[in-house]
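Observations on the model geometry
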Amino acid sequence: MEKEDVEEVNLQQKKKHKGKHDKPKPWDEDPNIDRWKIDKFDSSWNPDGMLEVSSFSTIFPRYREKYLQEAWPKVKSALKEYGISAELNLVEGSMTVSTTRKTRDPYIIIKARDLIKLLSRSVPAPQAIKILNDEMQCDIIKIGNLVRNKERFVKRRQRLVGPNSSTLKALEILTGCYILVQGNTVAAMGSFKGLKQVRRIVEDCIENKMHPVYHIKILMMKKELEKDPALKDENWDRFLPKFKKKNVQTKKIKSKEKKPYTPFPPPQQPSKIDQELESGEYFLSEKKKLAKKWQEKQEKQAQKTAENKRKREEAFVPPKEPVKQDSNKAENDKEDVAALTMSLKQKAKEFGKKKSIQNVNAEEYIAAPTTKQP
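Read on for a plain summary of the structure.

Rules and cut-offs
Residues numbered from 1 in each chain as written. Predicted model: local features only at pLDDT ≥ 70, side-chain atom pairs only at ≥ 80, totals over all residues. Heavy atoms only, no water. Helix = DSSP H or I, 4+ residues; strand = E, 2+ residues; numbered from the N terminus. Buried < 20%, exposed > 50% of the residue type's maximum accessible area, 1.4 Å probe, protein only. Contact = heavy atoms within 4.5 Å. Areas by Shrake-Rupley, 256 points an atom, 1.4 Å probe, with all protein chains shown as cover. Patch = residues over 30% accessible without salt bridge, like charges linked within 9 Å, V, L, I, M, F, W, Y side chains within 5 Å. Salt bridge = Lys/Arg side-chain N within 4 Å of Asp/Glu carboxyl O. Core = buried A, V, L, I, M, F, W, Y, C linked by side-chain atoms within 4.5 Å. Phe/Tyr/Trp six-rings, centres within 6.5 Å; stacked < 30°, edge-to-face > 60°. Lys NZ or Arg CZ within 6 Å of the ring centre and 35° of its normal.

1. What about the overall build of the chain?
Helix and strand content of the chain: 12 helices and 6 strands. Classification of the 374 residues of the chain by burial places 24% in the buried group. In the chain, of all internal contacts separated by at least 6 residues, the share reaching a separation of at least 24 is 54%. On the chain, roughly 31,400 Å² of surface is accessible, and the fraction owed to carbon and sulfur atoms is 53%.

Put into structure tokens, the structure is as follows:
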């Protein structure tokens, strides 16, 4: 009983402290308020401007120089509306943005920094300028350090793009984001929710956790479930497909056999000079050495050309045709066999008659022609 009283007192004390700061506000449960909505900045909120100058700069690759030079007037005019000055330095290969006295929005310099980052990562200028809108955000996903093997990395990056960029287009439609795969980075532009989905899909693809097609299927199912008001507050795990990773057979690494330990070091291998001394080549003159090397080279070359010639001529050798037996020949063979059997029968009869008269050897009698028989 005493323990229960102590617990009740502790709960009351906790409630007192909690209620002091976490009082319910009238706008917490107001259904008319959209907490995800981003209000557009009004210049009247900050009439005096910025106290200090803030600037950001980034470098760009040389192949982007020509395009940036052509598109820079558009970029400069777009930033001028927000009171941001932009500078393109072709000598150093850099872009710089900085605030001015006309700048009112304190966050616009961060947006301008994202703009020059996107431009340096091969995003087209008209698309990159959209980042200056309040509802548009960007995310640059680094994928170069997720896989060590270069060939494997290229295959997985191509898997993300898909045949004729079909996978990338499907992801853009479902997430509502612009996605550009370039080199070791993936640049994405869109809402916070869409960017979170894109980052997860890209990382799962490069790390070989899940194929992008499975992510597309899940996103399509979620789009359908969102339309049903009855399932709005329920858990959707039972409706979504679950994909298990199959165990792919990998090559077994052959373990090297451990040699028996010996305290003595291995015998020293003969050097090139020792081998030349054994063969007697060491004492030859430079001219003879060169002549010998040239002769060996010519012999190898001749063997190689002969081998290549043989391989080329193999294609022109006609295949052997199956031998067809003539019907006339087969009939003649049958006639010969019949004649032989008849002659053997006749010889056997004659031999039986003459055996009683003379001692005749059977093998010699049969082997001898019919005309020369005694």
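2. Some thoughts on a nonpolar patch on the surface
Together, Ile-273, Leu-277, Tyr-282 and Phe-283 make up a nonpolar patch on the protein surface, roughly 430 Å² of accessible area in all. Here Tyr-282 is to be found in the loop between helix H9 (272-279) and helix H10 (286-314).

3. Considering the side chain of Ser-98
Among the structural elements, Ser-98 can be located in strand E3 (residues 94-99). According to the relative accessible area criterion, Ser-98 is buried, its value standing at 16%. Once residues within four sequence positions are removed from consideration, Ser-98 is found in contact with Val-53, Ser-54, Ser-55, Ile-84, Ser-85 and Ile-109.

4. Concerning the pattern of salt bridges
Tallied over the full model, the rule gives 9 salt bridges. Put simply, Glu-207 and Lys-209 hold a salt bridge, and the shortest N to O gap is 3.2 Å. Glu-207 sits in the partly exposed class, given a relative accessible area of 32%. A salt bridge links Arg-310 to Glu-307; the nearest nitrogen and oxygen atoms lie 2.6 Å apart. Of this pair, Arg-310 and Glu-307 both sit in helix H10, 3 residues apart, which is roughly one turn of that helix.

5. Considering the nonpolar core
Counting 28 residues, the largest nonpolar core has Leu-79, Val-97, Leu-115, Leu-118 and Leu-119 as its most contacted members. Elements that contribute at least two residues to this core include exactly helix H2 (65-80), strand E2 (84-89), E3, helix H3 (108-120), helix H4 (125-128) and strand E6 (185-190). Here Val-97 is in contact with Ser-54, Ser-55, Phe-56, Leu-79, Ile-84, Ser-85, Ala-86, Ile-109, Ala-112, Arg-113 and Ile-116, once residues within four sequence places are set aside. With 22 residues, the next largest nonpolar core counts Ile-143, Phe-153, Ala-188 and Ile-201 among its residues.

6. Re the packing of aromatic side chains
Applying the stated rule across the entire model yields 2 aromatic pairs. Both rings, one in Phe-41 and one in Trp-45, keep their centres 5.5 Å apart while their planes meet at 80 degrees; by these two values the pair is edge-to-face. Judged by relative accessible area, Trp-45 falls into the exposed class, the value being 54%. For the pair Tyr-282 and Phe-283, a centre-to-centre distance of 5.6 Å together with 90 degrees between the ring planes defines the contact as edge-to-face. Since its relative accessible area comes to 64%, Phe-283 is described here as exposed. It is Arg-113 that lies over the ring of Phe-56; its NZ or CZ is 5.5 Å from the centre.

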